[in-house]
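Notes for the structure review
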Amino acid sequence: GESVGLHLPTLSVQEGDNSIINCAYSNSASDYFIWYKQESGKGPQFIIDIRSNMDKRQGQRVTVLLNKTVKHLSLQIAATQPGDSAVYFCAENHTGGFKTIFGAGTRLFVKA
Amino acid sequence: NAGVTQTPKFQVLKTGQSMTLQCAQDMNHNSMYWYRQDPGMGLRLIYYSASEGTTDKGEVPNGYNVSRLNKREFSLRLESAAPSQTSVYFCASSEYGGARTEAFFGQGTRLTVV
């Protein structure tokens, strides 16, 4: 069935280093992918998205890479800051669909 | 901007009790969603409303009902609460569904069923 999974449930990085969070998806029909950030006690917040006609998209300090061949998605955070500590979810959907599928999440710890 | 507002923020129910979770958005979005989030798991879709006047089942609809009251409001009802429904519930909205726009989430309702 459809599933979106994450390779690492917890990631710990030093402040100032770059972070890479990985995600695998299984639905070949998915053509829209989103990364969300969830801080403790809050709802998920949109970070960045990418459509399947792209391999890479950059935002402010964040980059999402999409490899459709191996159905892999990654989120790169440059110069990680304490405020980046949160749980990060990848999610996928497809054109015409309403059922966004979320991965289990990766908790990012940033050490000062 | 308020965005997506959920009430209540916390609730404790006894098994068998009923309650309604309220959600309202002020972004004039067409689509609205209810998710539940359990420890160690991602969000799972309970029900969604693609547009005003329509509702559809998501991944885990059993034990729940929804009402899209108008374009702004989308409520989730538990008719007879069970301990398995202990979870954090999130309402979300998006301008459109599917592969077009991201969703905006409320702050969540933490529900405990004892």
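As a starting point, this report considers the structure included with it. Source: prediction; values computed, not measured.

1. Some points on the interface of chain B and chain A
- Between chain B and chain A, the contact holds 25 residues from the first and 22 residues from the second.
- For the chain B and chain A pair, buried surface summed over both sides reaches about 1800 Å², with 60% attributable to carbon and sulfur atoms.
- Between chain B and chain A we count zero salt bridges in total.
- Where chain B touches chain A, the interface holds three residue pairs in polar contact (both at pLDDT 80 or more).

2. A short note on the pattern of salt bridges
- A complete count under the given rule lists seven salt bridges over all chains for this structure.
- What you see here is one network of salt bridges that share partners, running through Arg 36, Asp 38 and Arg 44 of chain B.

3. Re the state of the cysteines
- One pass over the full model with this rule turns up two disulfides over all chains.
- Each sulfur in the disulfide pair Cys 23 of chain A and Cys 90 of chain A lies 1.8 Å from the other. Taking the sign of the S-S torsion, 55 degrees for the link of Cys 23 of chain A and Cys 90 of chain A, the bridge is right-handed. One end of the pair, Cys 23 of chain A, is in strand 3 (residues 19-25); the other, Cys 90 of chain A, is in strand 9 (residues 86-93), and 67 residues separate them in sequence. Of the two residues, Cys 23 of chain A and Cys 90 of chain A, both sit in the buried class.
- Disulfide partner of Cys 23 of chain B: Cys 91 of chain B, at an S-S distance of 1.8 Å. Here Cys 23 of chain B and Cys 91 of chain B share a disulfide; its torsion about the S-S bond, -75 degrees, makes the bridge left-handed. Of the two residues, Cys 23 of chain B is situated in strand 3 (residues 19-25) and Cys 91 of chain B in strand 9 (residues 87-94); the sequence distance between them amounts to 68 residues.

4. Re the environment of Ala 86 of chain A
All names here are of chain A.
- Tracing the backbone shows Ala 86 in strand 9.
- Under the relative-accessibility criterion, Ala 86 is labelled buried at 6%.
- Considered as a pair, Ala 86 and Ala 112 are 26 residues apart in the sequence and their alpha carbons are 15 Å apart.

5. What about the pairing of strand 5 (residues 43-49) of chain B?
Residue and element names in this part refer to chain B.
- Taken across its seven residues, strand 5 has six buried, putting it largely inside the fold.
- Direction of pairing for strand 4 (residues 31-37) relative to strand 5: antiparallel, over a ladder of six bridges. If you follow Tyr 35 over to strand 5, its bridge partner there is Leu 45.
- The loop that links strand 4 with its antiparallel partner strand 5 comprises five residues; one of these, Gly 40, has a positive phi angle of about 75 degrees.
- In this structure, strand 5 lies alongside strand 6 (residues 56-57), joined through two bridges in antiparallel fashion.

6. Some remarks on unusual backbone geometry
- The omega torsion of the bond from Thr 7 of chain B to Pro 8 of chain B falls at -5 degrees, within 30 degrees of zero and hence cis.
- Here the phi dihedral of Arg 61 of chain A falls at roughly 65 degrees; this positive angle occurs in a residue that is not glycine.
- Here Arg 61 of chain A shows up in the loop between strand 6 (56-58) and strand 7 (62-67).
- Non-glycine residue Lys 71 of chain A carries a positive phi angle of around 55 degrees.
- Within the secondary structure layout, Lys 71 of chain A lies in the loop between strand 7 and strand 8 (72-77).

What counts as what
- Residues numbered from 1 in each chain as written.
- Chains lettered and ligands numbered in written order.
- Predicted model: local features only at pLDDT ≥ 70, side-chain atom pairs only at ≥ 80, totals over all residues.
- Heavy atoms only, no water.
- Contact = heavy atoms within 4.5 Å.
- Buried area = accessible area lost by both parts, 1.4 Å probe.
- Salt bridge = Lys/Arg side-chain N within 4 Å of Asp/Glu carboxyl O.
- Polar contact = N/O pair within 3.5 Å; in protein donor to acceptor, adjacent residues only side chain to side chain.
- Disulfide = S-S within 2.5 Å.
- Helix = DSSP H or I, 4+ residues; strand = E, 2+ residues; numbered from the N terminus.
- Buried < 20%, exposed > 50% of the residue type's maximum accessible area, 1.4 Å probe, protein only.
- Pairing = 2+ DSSP bridges.

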